Amino acid sequence: MDEIKNYVTLIERGRPDFVEIKGVTYCGGKRPIIGMKNVPWHQEVIEFSQAVCSSLGETYELASEHEHSCCILLANKSKFKRNDQWYTWIDFDKFLELQASGEPFTAEDYIEKTPDWAVFGAKERGFDPVETRVGAQNRPQGC
(Lines give C-alpha, C1' and ligand atoms only; values in the text may rest on other atoms or scores of the structure.)
Protein backbone atom coordinates (compact mmCIF):
# COMPACT_ATOMS: atom_id res chain seq x y z
CA MET A 1 0.00 0.00 0.00
CA ASP A 2 1.59 3.25 -1.17
CA GLU A 3 -0.02 5.31 1.60
CA ILE A 4 1.75 3.29 4.29
CA LYS A 5 5.07 3.44 2.46
CA ASN A 6 4.72 7.22 2.07
CA TYR A 7 3.86 7.71 5.77
CA VAL A 8 6.85 5.58 6.76
CA THR A 9 9.19 7.54 4.47
CA LEU A 10 8.01 10.83 5.95
CA ILE A 11 8.27 9.60 9.56
CA GLU A 12 11.75 8.15 9.00
CA ARG A 13 12.83 11.44 7.48
CA GLY A 14 11.51 13.66 10.27
CA ARG A 15 11.87 11.27 13.23
CA PRO A 16 9.15 13.07 15.20
CA ASP A 17 8.42 12.28 18.84
CA PHE A 18 4.73 11.79 18.05
CA VAL A 19 2.60 11.05 15.00
CA GLU A 20 -1.16 11.55 15.11
CA ILE A 21 -2.99 9.49 12.53
CA LYS A 22 -6.52 10.77 12.19
CA GLY A 23 -9.49 9.83 10.12
CA VAL A 24 -12.12 12.51 9.91
CA THR A 25 -15.00 13.43 12.15
CA TYR A 26 -17.92 13.73 9.75
CA CYS A 27 -20.06 16.78 10.43
CA GLY A 28 -22.45 16.53 7.51
CA GLY A 29 -23.64 19.51 5.55
CA LYS A 30 -25.80 20.15 2.54
CA ARG A 31 -23.07 19.55 -0.02
CA PRO A 32 -20.19 17.87 1.79
CA ILE A 33 -16.92 17.55 -0.07
CA ILE A 34 -16.20 14.39 1.89
CA GLY A 35 -19.21 12.14 2.32
CA MET A 36 -19.71 9.30 4.78
CA LYS A 37 -18.50 6.81 2.17
CA ASN A 38 -15.06 8.47 2.44
CA VAL A 39 -14.87 8.47 6.24
CA PRO A 40 -12.82 5.63 7.75
CA TRP A 41 -14.08 3.79 10.81
CA HIS A 42 -11.91 3.95 13.93
CA GLN A 43 -10.96 0.29 13.45
CA GLU A 44 -9.65 1.11 9.98
CA VAL A 45 -7.52 3.93 11.43
CA ILE A 46 -6.18 1.47 14.03
CA GLU A 47 -5.28 -1.07 11.34
CA PHE A 48 -3.59 1.59 9.22
CA SER A 49 -1.65 2.82 12.27
CA GLN A 50 -0.57 -0.71 13.14
CA ALA A 51 0.66 -1.24 9.57
CA VAL A 52 2.65 2.00 9.74
CA CYS A 53 4.15 1.00 13.09
CA SER A 54 5.15 -2.46 11.94
CA SER A 55 6.80 -0.95 8.86
CA LEU A 56 8.79 1.41 11.08
CA GLY A 57 10.30 -1.37 13.17
CA GLU A 58 10.70 -0.99 16.92
CA THR A 59 10.88 2.81 17.25
CA TYR A 60 7.17 3.68 17.53
CA GLU A 61 4.13 2.12 19.12
CA LEU A 62 0.44 2.92 19.32
CA ALA A 63 0.34 4.88 22.56
CA SER A 64 -3.05 6.55 22.77
CA GLU A 65 -6.40 6.70 21.03
CA HIS A 66 -9.56 8.73 20.95
CA GLU A 67 -12.30 6.80 19.23
CA HIS A 68 -14.72 9.71 18.87
CA SER A 69 -12.07 11.79 17.09
CA CYS A 70 -11.05 8.74 15.06
CA CYS A 71 -7.39 9.21 15.90
CA ILE A 72 -4.39 7.23 17.09
CA LEU A 73 -1.20 8.62 18.60
CA LEU A 74 2.06 6.90 17.74
CA ALA A 75 4.88 7.71 20.14
CA ASN A 76 8.60 7.08 20.21
CA LYS A 77 8.96 4.17 22.65
CA SER A 78 12.49 4.97 23.82
CA LYS A 79 11.48 8.49 24.86
CA PHE A 80 7.91 8.17 26.11
CA LYS A 81 7.40 4.63 27.40
CA ARG A 82 8.87 4.16 30.85
CA ASN A 83 8.46 1.03 32.94
CA ASP A 84 5.74 -0.11 30.54
CA GLN A 85 3.77 3.14 31.09
CA TRP A 86 3.17 5.84 28.49
CA TYR A 87 4.09 9.47 29.16
CA THR A 88 2.40 11.41 26.37
CA TRP A 89 0.27 13.85 28.37
CA ILE A 90 1.22 17.52 28.48
CA ASP A 91 1.89 19.28 31.78
CA PHE A 92 0.75 22.68 30.51
CA ASP A 93 1.98 24.61 33.57
CA LYS A 94 5.44 23.11 33.12
CA PHE A 95 5.33 23.82 29.38
CA LEU A 96 4.47 27.49 29.96
CA GLU A 97 7.20 27.77 32.60
CA LEU A 98 9.78 26.30 30.21
CA GLN A 99 8.59 28.48 27.35
CA ALA A 100 8.84 31.63 29.49
CA SER A 101 12.38 30.73 30.58
CA GLY A 102 13.72 31.25 27.06
CA GLU A 103 15.92 28.17 27.48
CA PRO A 104 15.81 25.28 25.00
CA PHE A 105 13.61 22.32 26.01
CA THR A 106 12.06 19.19 24.53
CA ALA A 107 8.76 17.36 24.95
CA GLU A 108 10.45 15.07 27.48
CA ASP A 109 10.76 18.06 29.83
CA TYR A 110 7.00 18.66 30.21
CA ILE A 111 5.31 15.28 29.91
CA GLU A 112 3.08 13.50 32.38
CA LYS A 113 1.86 9.93 32.58
CA THR A 114 -0.89 9.22 30.09
CA PRO A 115 -4.17 8.53 31.93
CA ASP A 116 -5.14 4.86 31.81
CA TRP A 117 -8.35 5.67 29.94
CA ALA A 118 -6.39 7.32 27.12
CA VAL A 119 -3.85 4.53 26.58
CA PHE A 120 -4.35 2.59 23.35
CA GLY A 121 -6.50 -0.47 23.97
CA ALA A 122 -8.21 0.82 27.14
CA LYS A 123 -11.90 -0.07 27.38
CA GLU A 124 -12.77 3.66 27.45
CA ARG A 125 -11.09 4.13 24.04
CA GLY A 126 -9.95 7.64 24.93
CA PHE A 127 -13.11 8.88 26.65
CA ASP A 128 -12.45 10.42 30.06
CA PRO A 129 -14.81 8.51 32.40
CA VAL A 130 -15.58 11.63 34.45
CA GLU A 131 -17.02 13.31 31.34
CA THR A 132 -20.55 12.67 30.10
CA ARG A 133 -20.85 11.82 26.43
CA VAL A 134 -23.84 13.34 24.74
CA GLY A 135 -25.20 11.79 21.58
CA ALA A 136 -28.06 12.51 19.24
CA GLN A 137 -30.92 14.50 20.80
CA ASN A 138 -28.64 15.34 23.79
CA ARG A 139 -29.05 11.90 25.35
CA PRO A 140 -26.15 10.82 27.60
CA GLN A 141 -24.25 7.79 26.33
CA GLY A 142 -21.94 5.34 28.04
CA CYS A 143 -18.36 4.66 26.92
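This section reports on the structure supplied with the text.

Conventions adopted
Chains are numbered independently. Their residues run from 1 in the order of the written sequence. pLDDT decides what is reported in this predicted model: residues at 70 or higher carry local features, side-chain atom pairs at 80 or more are listed and counted, and totals for whole chains, interfaces and linings draw on all residues regardless. Only hydrogens and water are removed before side-chain values are computed, so all heavy atoms of the structure are retained for them. Each helix is a run of DSSP H or I of at least 4 residues and each strand a run of E of at least 2, with the numbering of both proceeding from the N terminus. To sort residues, take the accessible area from a 1.4 Å probe on protein chains only and compare it with the maximum for the residue type: under 20% means buried, over 50% means exposed, and anything in between is partly exposed. Whether two residues are in contact is decided by their heavy atoms: any pair within 4.5 Å suffices. What makes a salt bridge here is a side-chain nitrogen of Lys or Arg within 4 Å of a carboxyl oxygen of Asp or Glu, nothing more. Strand pairing follows a simple DSSP-based rule, namely that at least 2 bridges must link the two strands. Between the N-to-C directions of two axes lies an angle of 0 to 180 degrees, each axis being a line fitted to C-alpha atoms and, for a helix, fitted only over the stretch in contact.

Digging into the environment of proline 16
Next up, step 1: Secondary-structure assignment places proline 16 in the loop between α1 (2-14) and β1 (18-22).
Next up, step 2: Given the relative accessible area of 26%, proline 16 is considered partly exposed.
Next up, step 3: Separated by 59 residues in sequence, proline 16 and alanine 75 place their C-alpha atoms 8.4 Å apart.
Next up, step 4: Dropping the residues within four chain positions of it, proline 16 is found in contact with Ile11 and Tyr60.

Considerations on the pattern of salt bridges
Next up, step 1: What the rule picks out here adds up to 10 salt bridges.
Next up, step 2: Lysine 77 is paired through a salt bridge with glutamate 61; the nearest N and O atoms lie 3.8 Å apart. Taken as a pair, lysine 77 in helix α3 (residues 77-80) and glutamate 61 in strand β2 (residues 60-66) lie far apart in primary sequence, 16 residues in all.
Next up, step 3: As a salt-bridge pair, aspartate 84 and lysine 81 come within 3.7 Å of each other at their nearest N and O atoms.
Next up, step 4: Of the residues examined, lysine 81 reaches a relative accessible area of 24% and is grouped as partly exposed.
Next up, step 5: When salt bridges that share partners are traced, they join Glu58, Glu61, Lys77, Lys81 and Asp84 into one network.

Here we look at the sheet that holds β2
Next up, step 1: Reading across the sheet, the three strands line up as β1-β3-β2 and stay open at both edges, with antiparallel pairing between neighbours. What marks the edges here is a single partner per strand, and that holds for β1 and β2. Across the sheet, the axes of successive neighbouring strands diverge by a mean angle of 25 degrees, strand direction being ignored.
Next up, step 2: Note that β1 and strand β3 (residues 71-76) share five bridges and pair antiparallel. Opposite glutamate 20, over in β3, you have leucine 73 as the bridge partner.
Next up, step 3: Running over the sheet, helix α2 (residues 42-56) touches β1, β2 and β3 and is turned about 165 degrees from β2.

Don't take any of this as a statement about function, it's just geometry.
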